[in-house]
Amino acid sequence: MKLMSKPQYEEWTASTRDARMQWWREARFGMFIHFGLYSTPGRHEWMQVYENVPHEEYEKLADQFQPKEGAPREWIKLAKAAGMKYAVLTTRHHEGFSLWDSKVNPYNSVNYGPHRDIVREFVDACREFGLKIGFYTSLMDWHHPDGWKCAYDLEARKRFNQYITDLNTELLTNYGKIDILWYDVSLPMESWEGWDSVARNQYLRSLQPDIIINNRSRLPEDFGTPEENLKAEDRDWEACMTFNGISWGYVDPEQAAPFSYSAQQILHMLQKCTSSGGNLLLNIGPGPDGSVPADAVEPLTKVGQWLEKNGEAVYGKKVPISRTGVLGNGLAFATSDENNAYLWTFIWPKGGTMSMGGYLEAPKKVYLLQDGTPIDFEFEGQRITFKNLPEKAPDKICGASVIVMEFDGAPKTLFASRYPQFHQGWDKPENYI
Ligand code: GLC
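Residues numbered from 1 in each chain as written. Predicted model: local features only at pLDDT ≥ 70, side-chain atom pairs only at ≥ 80, totals over all residues. Heavy atoms only, no water.

Here we take up the overall build of the protein. Per the secondary structure count, the protein includes 13 helices and 15 strands. In terms of overall dimensions, the protein is globule-like: its C-alpha atoms have a radius of gyration of 23 Å, near the 22 Å expected for 433 residues. Projected onto its principal axes, the C-alpha positions of the protein cover 70 × 50 × 35 Å. Counting only residues that meet the buried cut, the protein has 58% of its 433 residues in that class. Considering only contacts in the protein between residues 6 or more positions apart, those separated by 24 or more positions represent 70%. Both charge centroids of the protein, one from 46 positive and one from 58 negative side chains, sit 4 Å from each other. (Helix = DSSP H or I, 4+ residues; strand = E, 2+ residues; numbered from the N terminus. Rg over C-alpha atoms; globule rule 2.2 N^0.38 Å. Buried < 20%, exposed > 50% of the residue type's maximum accessible area, 1.4 Å probe, protein only. Contact = heavy atoms within 4.5 Å. Lys, Arg positive; Asp, Glu negative; His and termini not counted. Charge placed at Lys NZ, Arg CZ, Asp CG, Glu CD.)

Right under this line is the structure:
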């Protein structure tokens with residue numbers, strides 16, 4: 001394979017990105033799954049480092065690692081019920097333990113513990129429930145003898161870079177079509193050159209031509225990964241969030257429950273991501289036997305029920321068109337989907353009326369997304385005023401009701417989209433009253 005230079009590689013990946021990313025941009029919502037030896041003690045996925053656990057002591061966890069039969073299927077069944085469209089599994093976290101039948105890394109779940117290929121079970125479950133498949137792959141490795149020596153010893157670095165390439169070759173060769181490669185923590189080297197990322201990613205893309213790669217191999221690649229925050233980027237981005245703001249790996253759900261997200265909070269995150277042109281990758285940390293943490297089941301199930309009725313406001317092509325502060329205390333965000341603007345209301349107005357300012361044209365019609373109930377409205381002075389609204393929030397699942405405003409063509413508003421990739425140029429001075 002003729003090796004491209006970095007500029008050539010980045011020009012090539014940019015020219016092919018829209019086609020590769022289309023399904024991802026419309027999928028919006030995915031499940032992150034952190035599962036490994038750290039799940040057994042349940043004291044955070046960085047426990048080995050935080051607690052200075054010597055290798056020989058930590059390696060004992062490999063035989064205690066006993067995920068029950070069907071655990072990966074349980075994760076993906078819940079992801080499907082939650083309305084998630086893809087899933088990303090930690091195939092090998094910083095601890096260096098591979099959850100697949102690796103010939104490159106004997107420290108794996110077939111040689112130890114369950115003596116099963118967990119990655120295979122994850123892939124099979126994703127295919128059964130129709131979810132796209134993502135592999136998380138850590139660059140940092142606390143177990144491999146060259147995992148840290150590569151920082152200063154060039155021979156160790158060559159060996160370790162080859163090891164990383166070989167691990168990911170197994171993953172992208174042995175499990176059929178894989179959709180996402182999710183790198184993490186590029187340390188100790190702190191440059192794409194140190195990781196040989198241009199050559200490696202070119203090669204891995206040759207194995208899976210449609211694969212989407214995140215920005216954590218010291219190259220921007222296909223999407224940004226704001227972590228534990230929803231800060232929008234002016235490129236494709238995906239916010240990765242723990243379920244509780246405490247740990248990616250399993251921690252006692254009872255103690256974590258007060259910090260875990262409710263269905264309403266998950267919807268609020270989903271709305272922020274949708275309205276700002278990004279995705280939400282929400283994590284679960286399965287327990288020692290692989291069970292889904294109890295505090296995640298009810299909120300995710302409710303979000304899925306909500307999405308069954310209101311998914312049109314989330315999935316598919318969305319263009320952020322305005323950030324509207326309605327009611328003074330409840331923010332609503334509208335996104336346009338071709339001709340429709342979706343107004344999410346978490347605080348339902350009292351008194352039966354509410355207005356949306358900043359629209360240059362009247363909608364053709366306005367209705368509740370959940371059941372199509374028409375909503376009366378007037379349009380005057382760039383202001384849409386809804387009338388005769390129900391006294392109570394129509395959505396009984398999560399109290400998040402979506403009003404659809406259907407226009408003749410794309411909605412024209414005075415709010416220029418903050419994100420260059422979506423700019424429509426209607427915010428010209430002559431449009432301002
Ligand atoms: C951070 C953590 C790592 C976790 C990752 C998820 O890199 O160090 O443990 O897997 O975030 O994005």
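Take the site of the ligand next. Inspection of the region around the ligand gives 14 residues, with His 34, Glu 45, Trp 46, His 93 and Glu 227 positioned closest. Side-chain polar atom of Arg 216 to an oxygen atom of the ligand: 3.1 Å apart, as the coordinates give it. Across the shell around the ligand, the residue classes break down as 7 nonpolar, 3 polar and 4 charged. (Near = heavy atom within 4 Å. Polar contact = N/O pair within 3.5 Å; in protein donor to acceptor, adjacent residues only side chain to side chain. Nonpolar A, V, L, I, M, F, W, Y, C, P; charged D, E, K, R; others polar.)

This next bit is on the nonpolar core. Ranked by internal contacts, the top residues of the largest apolar core, which has 90 residues, are Trp 75, Phe 122 and Leu 300. With 7 residues, the top contributor of residues to this core is helix H6 (residues 118-129). Apart from the residues within four sequence positions on either side, Leu 300 is in contact with Met 31, Leu 78, Ala 81, Ala 82, Met 84, Phe 243, Ile 266, Leu 282 and Ile 284. In terms of nonpolar packing, the next biggest core, distinct from the first, is built from 16 residues, Met 354, Tyr 359, Ile 403 and Met 405 among them. (Core = buried A, V, L, I, M, F, W, Y, C linked by side-chain atoms within 4.5 Å.)

The next subject is helix H1 (residues 6-27). A rise of 1.5 Å per residue sets the reference length of H1, with its 22 residues, at 32 Å; its end C-alpha atoms lie 29 Å apart and thus fit the reference within 8%. The sharpest bend along H1 reaches about 50 degrees and sits at Arg 17. Of the positions making up H1, those classed as buried are Tyr 9, Thr 13, Arg 17, Arg 20, Met 21, Trp 23, Trp 24 and Ala 27. (Expected span 1.5 Å × (residues − 1). Bend = angle between axes of the 7 residues up to and from the residue.)

Once that is clear, we can look at helix H8 (residues 154-173). With 20 residues, H8 should reach 28 Å at 1.5 Å per residue; the first-to-last C-alpha distance of 28 Å fits that figure. Residues Ala 156, Phe 160, Asn 161, Tyr 163, Ile 164, Thr 165, Leu 167, Asn 168, Thr 169, Glu 170, Leu 171 and Leu 172 constitute the buried set of H8. Measuring from the side-chain oxygen of the N-cap residue of H8 to the backbone nitrogen of Glu 155 gives 2.8 Å; that N-cap residue is Asp 153.

Attention now moves to the pairing of strand E15 (residues 401-406). Across the 6 residues of E15, 6 count as buried, placing the element largely inside the fold. Here E15 shows no split at all, with Ser 401, Ile 403 and Met 405 on one side and Val 402, Val 404 and Glu 406 on the other all buried. Sheet topology places strand E10 (residues 340-345) next to E15; 6 bridges connect them, and they run antiparallel. The residue of E15 that forms the bridge with Thr 345 is Ser 401. In this structure, strand E12 (residues 365-368) lies alongside E15, joined through 4 bridges in antiparallel fashion. Bridge assignment links Lys 365 to a residue of E15, and that residue is Glu 406. (Pairing = 2+ DSSP bridges.)

Moving on to the pairing of strand E2 (residues 86-92). Across the 7 residues that make up E2, a large majority, 7, are buried. As defined by bridge partners, strand E1 (residues 29-33) adjoins E2 across 4 bridges and the pair is classed as parallel. Considered in E2, the bridge of Met 31 is made with Ala 87. Across 6 bridges, the pairing between E2 and strand E3 (residues 132-138) is parallel. Across the sheet, residue Arg 92 finds its bridge partner in E3, namely Thr 137. With H6 bridging E2 and its parallel neighbour E3, the resulting β-α-β unit is right-handed. (Right-handed = clockwise from strand over helix to strand, strands pointing away.)

What follows covers a nonpolar patch on the surface. A surface patch of nonpolar side chains, about 320 Å² in accessible area, is lined by Met 1, Leu 3 and Tyr 203. We classify Leu 3 as partly exposed; its relative accessible area is 48%. (Patch = residues over 30% accessible without salt bridge, like charges linked within 9 Å, V, L, I, M, F, W, Y side chains within 5 Å. Areas by Shrake-Rupley, 256 points an atom, 1.4 Å probe, with all protein chains shown as cover. Salt bridge = Lys/Arg side-chain N within 4 Å of Asp/Glu carboxyl O.)

Time to look at the pattern of salt bridges. Enumeration over the complete set of coordinates arrives at 25 salt bridges. Note that Arg 116 and Glu 69 form a salt bridge whose closest N and O atoms lie 3.7 Å from each other. One end of the pair, Arg 116, is in the loop between E2 and H6; the other, Glu 69, is in the loop between helix H4 (61-64) and helix H5 (71-81), and 47 residues separate them in sequence. A salt bridge links Asp 146 to Arg 159; its shortest N-O distance comes to 2.7 Å.

Looking now at empty space enclosed by the protein. Scanning the model with the defined rule gives 2 cavities of 30 Å³ or more in all. Empty space within the largest cavity amounts to approximately 110 Å³. For the largest cavity, the lining is made up of 15 residues, of which Phe 243, Asn 244, Gly 285, Pro 293 and Asp 295 are closest to its centre. Contributions of two or more residues to the lining of the largest cavity are made by helix H11 (253-256), strand E7 (279-284) and helix H13 (294-310). (1 Å grid on protein atoms, 1.4 Å probe; cavity = no way out; pocket = protein on both sides within 12 Å on 5 of 7 lines; lining within 4 Å. Points joined across faces, edges and corners; volume = space filled by probe spheres on them.)

The linkage connecting Leu 187 with the following residue, Pro 188, adopts the cis geometry, with an omega of 15 degrees. Relative to the elements of secondary structure, Pro 188 occurs in the loop between strand E4 (180-184) and helix H9 (192-195). Residue Val 185 is not a glycine yet carries a positive backbone phi of 40 degrees. For Val 185, the position within the fold is in the loop between E4 and H9.

This part covers the sheet that holds strand E5 (residues 212-213). Taken in spatial order, the 7 strands make up an open sheet running E5-E4-E3-E2-E1-E7-E6, and their pairing is parallel. Each end of this open sheet is capped by a strand with a single partner; those strands are E5 and strand E6 (238-241). Of the pairings in the sheet, the one linking E6 to E7 comprises 4 bridges and is parallel in character. Bridged to Met 241 within E7 is Leu 282. Against the sheet, H6 contacts E1, E2 and E3, and its axis sits at roughly 155 degrees relative to E3. (Axes fitted to C-alpha atoms, helices over the stretch in contact; angles between N-to-C directions.)

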